[in-house]
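Results of the structural survey
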Amino acid sequence: MRMILMGPPGAGKGTQAKYVAAKFGIPAISTGDIFRENVSQGTELGVEAKRYMDAGEYVPDEVTNHMVRNRIDEDDAAPGFLLDGYPRTLAQVEELDGMISFTGHKLDAVVVLTVNQDELVERLLQRAKVEGRADDTEDVIRRRQEVYAEQTEPLIEVYRDRGLLVEVDGLGEIEEVTERIFSALSSVEQS
Ligand code: AMP
């Protein structure tokens, strides 16, 4: 199974990604998590990424693409993977197409979690308190929503046109949303 989990910041992607990936026996690859690990380890990549993350902007495509290419080349991703937070731009979509077709596989599904905007901001402010993330201040939250609307929302139509889109209501208890994703994916054919 090669799939993408999409949704605006705060839609609960990270939490759901772990459950869904576990069910399919594939790694959940979160670009945000990989960037954060690099930031905490003070790597060159981390230093570069932090400037963008703290402002709520996207890390440049070349940097992100390179990082994802290396990650999905690892052995554990050979049977498949779930991408959480990638692709986020049209250029990343193209890059991912190339990475997957190079291995002779195809993308099986793109799950989009849909959540109401007010609920999102509320969730993000709550998460900021719990996790103390530097990119969860109110201004940065607002900027991240704008960037998502401008650069990432257009991807939904791209994947809809390809017949890969699976829309799931992201509102409700975690287990409830996980069940909705499982049942929506049950009809998806895996390559
Ligand atoms: P996330 O945890 O997925 O919300 O990601 C946190 C931050 O990492 C984002 O706000 C971006 O600054 C950066 N980031 C994560 N994934 C990507 C991506 N695919 N392209 C560019 N920047 C990204």
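Everything below is about the structure printed above this text.
Bear in mind that the values here come from a model prediction, so they are computed numbers and not experimental data. (Residues numbered from 1 in each chain as written. Predicted model: local features only at pLDDT ≥ 70, side-chain atom pairs only at ≥ 80, totals over all residues. Heavy atoms only, no water.)

Overview of the side chain of Asn 38
Checked against the element boundaries, Asn 38 lands in helix H2 (residues 31–41). In this structure Asn 38 comes out as buried when scored by relative accessible area, which is 13%. Within the structure, Asn 38 has its side chain in polar contact with the backbone oxygen of Ile 34 (distance 2.8 Å). Asn 38 has contacts with Thr 43, Leu 45 and Gly 46, leaving out every residue within four places of it along the chain. (Helix = DSSP H or I, 4+ residues; strand = E, 2+ residues; numbered from the N terminus. Buried < 20%, exposed > 50% of the residue type's maximum accessible area, 1.4 Å probe, protein only. Polar contact = N/O pair within 3.5 Å; in protein donor to acceptor, adjacent residues only side chain to side chain. Contact = heavy atoms within 4.5 Å.)

Observations regarding the pairing of strand S4 (residues 109–114)
The buried fraction of S4 amounts to 5 of the 6 residues, a majority that puts the element mostly inside the structure. Where strand S1 (residues 2–6) and S4 come together, 4 bridges link them in parallel fashion. Of the residues in S4, the one forming a bridge with Leu 5 is Val 111. In the sheet, S4 pairs with strand S5 (residues 165–169) via 5 bridges, with the strands oriented parallel. Pairing of Val 112 across the sheet is with Glu 167, part of S5. (Pairing = 2+ DSSP bridges.)

Focus on unusual backbone geometry
Residue Pro 87 follows Tyr 86 across a cis peptide bond; omega there is -5°. Inspection of the secondary structure puts Pro 87 in the loop between strand S3 (81–84) and helix H5 (90–102).

Some details on the nonpolar core
Counting 31 residues, the largest nonpolar core has Ile 4, Met 6, Ile 72, Leu 83, Val 110 and Tyr 159 as its most contacted members. Beyond its immediate sequence surroundings of up to four residues, Val 110 is in contact with Ile 4, Met 6, Tyr 159, Leu 164, Leu 165 and Val 166. Residues Met 3, Val 20, Val 111 and Val 166 belong to the second largest nonpolar core, which totals 21 residues. (Core = buried A, V, L, I, M, F, W, Y, C linked by side-chain atoms within 4.5 Å.)

Observations concerning the packing of aromatic side chains
In total, this model carries 0 aromatic pairs according to the counting rule given. We note Lys 23 situated over the ring of Phe 182; from NZ or CZ to the ring centre the distance is 4.5 Å. (Phe/Tyr/Trp six-rings, centres within 6.5 Å; stacked < 30°, edge-to-face > 60°. Lys NZ or Arg CZ within 6 Å of the ring centre and 35° of its normal.)

Some details on helix H6 (residues 117–131)
Between its terminal C-alpha atoms H6 stretches 21 Å, which fits the 21 Å expected from 15 residues at 1.5 Å a residue. Considered for burial, the residues of H6 that qualify are Leu 120, Leu 124 and Ala 128. Projected onto a plane normal to the axis of H6, the buried residues spread over an arc of 75° and lie on a single side. Exposed and facing more than 90 degrees away from the buried side of H6 are Asp 118, Lys 129 and Val 130. Of the surrounding secondary structure, the elements contacted by the buried residues of H6 are helix H7 (138–152). Looking one or two places after H6, you find Gly 132, whose phi comes out positive at around 60°. (Expected span 1.5 Å × (residues − 1). Arc of directions from axis to C-beta.)

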